[in-house]
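Given next are the chains, with one letter for each unit.
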Amino acid sequence: MEFKPWKIAVHRRKNAASQADGLPGFLQAVLEGRGFGEPETAREFLEGPEGFHDPMALADMDKAVARVRRAIQENEKILVYGDYDCDGVTATVILYDYLENAGADVLYYIPAREEEGYGLNKSAIDKMKEAGVALIITVDNGITALEEVAYAGSLGIDVVVTDHHRPGETLPEAVAVVDPHRSDCTYPFPDLCGAGVAFKLVCALEEDAEGMLLEHYGDLLAIGTVADLVPLTGENRALVKAGIALLAESENLGIQALARRAGLDLSAITSENIAFGIAPRINVTGRIGSVDQAVELLLCRDEDRAAQLAGEICALNDRRKELEGAIIQDIQLLLEREPQLLDRRVLVLSGEGWNPGVIGIIAARLVERYGKPCLLLSILDGEARGSARSVEGFSIIEAIRSQAEYLEKCGGHPMAAGLTLPKENISAFAQGLEDYAREQYPSMPLLTLGVDTIVRLGEATLDNAKQLERLEPFGCGNPQPVLALVGAKVAKLVPMGKEGNHLRITLEQDGISAQAVLFGTGPEYFPLEEGELADVAFVLSVNTFNGSQRPQLRILSIRPHGFDMAGKLKTGAAYQSLRRGEEPEEPLTFNREDLTVVFRWLRSHAPWKKGTDLLAHRLGNSSSYGKVLAALDILCELGLISRKTQRGAETIEVLPAAGKAELDASPTYRIFQEKLVN
């Protein structure tokens, strides 16, 4: 287990009895850490806006409404042109359903991810011309489709663009371009998702400025907004809050069927359930299935058909997990063969035949695992299609655009991006990214775990868990609060799950005990022993079972109390710099005795399954984290140990000696020797 650095919010802890604003000190501490320190701003956040913004405040909305109404009145054929992710699907369903109910002659079209890619394309426009379409309305796409919109116009097809992505310097020459990120748009809240913009168009068409249409579409809107990772603040927070309440009694047969198959209780649905239970299943149809399955499901008016579609979609989701597992196994083997890849500032990995629909999910996991930007490339027929994910502070899309000479196309935002390039350009592209990162980010931004406040175990109560529910819905821009314990005792460890790969941990502090759960780590990989002190980052929630409620602590990060995180970051970065052939900011030396210290310790404790971080901690002043990294690489190169990774956890074995090891046979050891000579 690797120990993540924490970023703890700075704020004052107030006593609950001293709260003139009526907010308990515990809740006030969390709010203050999030920038809501004043009573007025705290209340405004908790209560939300009184109403919703007027959709007519969106630039070009008047033009869009006029053109759509004319198409309905004159019975022109209208096409809703969507996108294959969850936001695009829900946006398509909202607008299509409204237009159909309004008596319009309406179709929908979503391009196939593999064959057509994202957004408008000329081949699809040709099909629409043959079908007699007079008006295309894009949802969740179109803002950068300048050439395609112009092409549609040349065929006599009008286009209304509704999108939420950032426009380029030039807008498409459409009848209307509705996008809250337009530089001339004065709409008060720019962070709507694609479904949000489509919903605003529906409200404008119905002259429903106060959002009464939420009763019909709030459930879909909540799903699309949570899934698209737009900030759950401002109007989005209000829309999702209302939508989640509507989901509890949703009459949408498709949502009901999907929730049943996913094992979700709609009456107690949360934004987390949406993000991890519903959204991935809708998304999977655009990744490895047919996105029409998801659209048909959400429009379905037959219970049996809805149940059948939900079953097919959940089966696809299981298949998606299998594909991910196979690719992750490929990546582990690749990194074992070429461990130097992990020295890069930006981790770039490629593989033949990887399913391009799932590599984005895996890239996000690798960011969590290695704490650096990651880009995966799937090679098919000589072309590489990639998905990238990043860490806060490193704009992956700017990094990719800096290598435009190697690309066929790219798009995205600072935290996630997609791209296409010829297979033969991969090596030069990866090196270009590395050069860009070195020049622009001499010290790479770190992946950190944000902690809202430090608490004592006695504060992890049911009442405080209920207080935190006032901050719902949680998601991008408003994550579930993370609390931290400092110096709590690990009193008892109990394996959970069929394979024992989860833990129930009894923690003690100040004479109080409480149980916490840690998922994905079994006792053999857990870094502490019973009786040791730990620092624990966790989320606190209400667990309801058989009609009774109790507080639940779910551990996100745990490490030995007193772990030298600053030393890990400093000496670890120095070692990686040396591996890349750079001059580290902090000097790092290494000699034969440093190697002996680590090897002797491993011989007494192998097989070692508890991670490099704990190994360095156990050695204490005998070795720094950077020296431990160096020693492990050298011992591997000399054939004295093996390092295998399974399910994200590493096992280090000491191998039988085959003779005396010559240190100069290790490339890593020679790096240090050359530094001494120079």
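A. Main features of the pattern of salt bridges. Per the counting criterion, the structure on display carries 34 salt bridges. Between glutamate 398 and arginine 401 there is a salt bridge, with the nearest N and O atoms lying 3.5 Å from each other. You can see glutamate 398 and its partner arginine 401 sitting in helix α15 (residues 396-401), 3 residues apart, about one turn around the helix. Arginine 438 is the partner of aspartate 435 in a salt bridge, and the nearest nitrogen-oxygen pair spans 3.2 Å. Highlighted residues: aspartate 435 and arginine 438, both in helix α16 (residues 426-440), separated by 3 residues, approximately one helical turn. By relative accessible area, which is 25% here, aspartate 435 ends up partly exposed.

B. Summary view of the pairing of strand β4 (residues 133-139). Among the 7 residues of β4, 7 are classified as buried, and the element is accordingly described as predominantly covered. Relative to β4, strand β2 (residues 77-81) runs parallel, the two sharing 5 bridges. Following the sheet pairing, lysine 77 is matched in β4 by valine 133. Two strands pair when backbone bridges link them, and β4 and strand β5 (residues 158-162) are joined in this way by 5 bridges, in the parallel orientation. Bridge pairing in β5 places valine 139 opposite threonine 162. What joins β4 to β5 is helix α6 (residues 146-154), and the crossover it makes is right-handed.

C. Structural detail: helix α9 (residues 234-247). For α9, with 14 residues, the first-to-last C-alpha span of 20 Å sits near the 20 Å given by 1.5 Å per residue. Residues of α9 that are buried in the fold lie against α2 (39-47), α7 (194-206), α8 (214-227), α10 (253-262) and α11 (271-287).

D. Spatial organisation of the nonpolar core. Of all hydrophobic cores here, the largest spans 84 residues; its most connected members are Ile78, Val89, Leu99, Ile137 and Ile282. The contact partners of isoleucine 282, leaving out residues within four places of it in the chain, are Cys86, Val89, Ile223, Leu258, Ala294 and Leu298. Counting residues in each nonpolar core, the second largest holds 42 residues, with Leu347, Ala363, Ile400 and Tyr436 among its members.

E. Region of interest: the packing of helix α20 (residues 612-619) against helix α21 (residues 625-637). α21 packs onto α20 with a crossing angle of 120° between their chain directions and a minimal axis gap of 9 Å. The crossing of α20 and α21 is right-handed. Contacts from Thr612, Asp613, Leu615, Ala616 and Leu619 of α20 reach α21 at Tyr625, Val628, Leu629 and Leu632. Considered class by class, the residues forming the contact of α20 with α21 number 7 nonpolar, 1 polar and 1 charged.

F. Spotlight on helix α13 (residues 303-337). If you check α13, its first and last C-alpha atoms are 51 Å apart, about what 35 residues at 1.5 Å a residue would give, namely 51 Å. The backbone nitrogen of aspartate 304 lies 3.1 Å from a side-chain oxygen of the residue at the head of α13, namely aspartate 302.

Rules used throughout
- Residues numbered from 1 in each chain as written.
- Predicted model: local features only at pLDDT ≥ 70, side-chain atom pairs only at ≥ 80, totals over all residues.
- Heavy atoms only, no water.
- Salt bridge = Lys/Arg side-chain N within 4 Å of Asp/Glu carboxyl O.
- Helix = DSSP H or I, 4+ residues; strand = E, 2+ residues; numbered from the N terminus.
- Buried < 20%, exposed > 50% of the residue type's maximum accessible area, 1.4 Å probe, protein only.
- Pairing = 2+ DSSP bridges.
- Right-handed = clockwise from strand over helix to strand, strands pointing away.
- Expected span 1.5 Å × (residues − 1).
- Contact = heavy atoms within 4.5 Å.
- Core = buried A, V, L, I, M, F, W, Y, C linked by side-chain atoms within 4.5 Å.
- Axes fitted to C-alpha atoms, helices over the stretch in contact; angles between N-to-C directions.
- Left-handed = near helix turned anticlockwise from the far one by under 90°.
- Nonpolar A, V, L, I, M, F, W, Y, C, P; charged D, E, K, R; others polar.
- Polar contact = N/O pair within 3.5 Å; in protein donor to acceptor, adjacent residues only side chain to side chain.

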